[in-house]
Amino acid sequence: EHVRKILLSFPQVMDYNLENHMKPIAEYFLSELELSAIEFGSIIQKFPRVFSYSLKRIKHVIGFLRFEVELDSRQAKRVIFQAPQVFGLSNMEGKLDFLRGHLNLTVEELG
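Residues numbered from 1 in each chain as written. Predicted model: local features only at pLDDT ≥ 70, side-chain atom pairs only at ≥ 80, totals over all residues. Heavy atoms only, no water.

Caption draft 1: A look at the packing of aromatic side chains. What the rule picks out here adds up to six aromatic pairs. One residue, K46, lies across the ring of F81, its end atom 4.2 Å from the ring centre. Taking NZ or CZ as reference, R66 lies 5.9 Å from the ring centre of F67, over its face. (Phe/Tyr/Trp six-rings, centres within 6.5 Å; stacked < 30°, edge-to-face > 60°. Lys NZ or Arg CZ within 6 Å of the ring centre and 35° of its normal.)

In structure tokens:
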């Protein structure tokens with residue numbers, strides 16, 4: 001049932017190379033981010049377009065959350081789990097600068 005839902009919402013997932021694209025992304029989420037298979041499956045069910053991004057892009061976003069937004073690994077994991085569409089956001093740096101500068105929000109208030 002879950003695979004059916006993924007295919008109906010994002011059939012392009014079948015276009016991606018299993019060995020060179022999909023498996024490395026899955027391995028990154030499972031080993032580097034320490035997500036369980038159930039957590040990763042939940043992310044893919046919510047946002048199968050995760051596979052449309054390169055591993056480089058995914059690592060960049062994780063790095064941005066960790067080092068620019070100053071989230072710890074647990075907080076970054078929470079953001080990804082709750083809003084995996086973060087991988088597709090553009091101009092994250094500009095948005096963060098706006099929130100920090102114009103709204104006078106601290107890192108703690110943003111996190």
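Alright, that's what it looks like, and here's the rest.
Caption draft 2: Expanded view of the packing of helix α4 (residues 55-68) against helix α5 (residues 73-82). With their axes 9 Å apart at the nearest point, α4 and α5 run at an angle of 135° to one another. Taken together, the axes of α4 and α5 are oblique relative to one another. Read as a crossing pair, α4 and α5 show a hand that is right-handed. Facing α4, whose interface residues are I62, L65 and R66, α5 presents S73, A76, V79 and I80. Split by residue class, the contact of α4 with α5 holds five nonpolar, one polar and one charged. (Axes fitted to C-alpha atoms, helices over the stretch in contact; angles between N-to-C directions. Helix = DSSP H or I, 4+ residues; strand = E, 2+ residues; numbered from the N terminus. Parallel < 35°, antiparallel > 145°, perpendicular 65-115°, else oblique. Left-handed = near helix turned anticlockwise from the far one by under 90°. Contact = heavy atoms within 4.5 Å. Nonpolar A, V, L, I, M, F, W, Y, C, P; charged D, E, K, R; others polar.)

Caption draft 3: Representation of the environment of L33 within the structure. Inspection of the secondary structure assignment puts L33 in the loop between α2 (18-32) and α3 (37-46). Along the chain, L33 and V50 lie 17 residues apart, while their C-alpha atoms are 14 Å from each other. Leaving out residues up to four positions away in the same chain, L33 has contacts with Y28, I62, K77 and I80.

Caption draft 4: Representation of the pattern of salt bridges within the structure. As enumerated under the stated definition, the model contains two salt bridges in all. Here E19 ties to K23 by a salt bridge, and the two come within 2.9 Å at their closest N and O atoms. With a gap of four residues between them, E19 and K23 both fall in helix α2, about one helical turn apart. For E19, a relative accessible area of 49% puts it in the partly exposed group. E39 is the salt-bridge partner of K77, the closest N and O atoms lying 3.8 Å from each other. Highlighted residues: K77 in helix α5 and E39 in helix α3, separated in sequence by 38 residues. We classify E39 as partly exposed; its relative accessible area is 25%. (Salt bridge = Lys/Arg side-chain N within 4 Å of Asp/Glu carboxyl O. Buried < 20%, exposed > 50% of the residue type's maximum accessible area, 1.4 Å probe, protein only.)

Caption draft 5: Representation of the confidence of the model for the protein within the structure. A residue-level look at the protein finds 94% of positions with pLDDT of 70 or above and a mean pLDDT of 89. Confidence scores differ between elements of the protein, with helix α7 (residues 107-110) showing the lowest mean pLDDT of 63 and α2 the highest of 96. (pLDDT = per-residue confidence, 0-100.)

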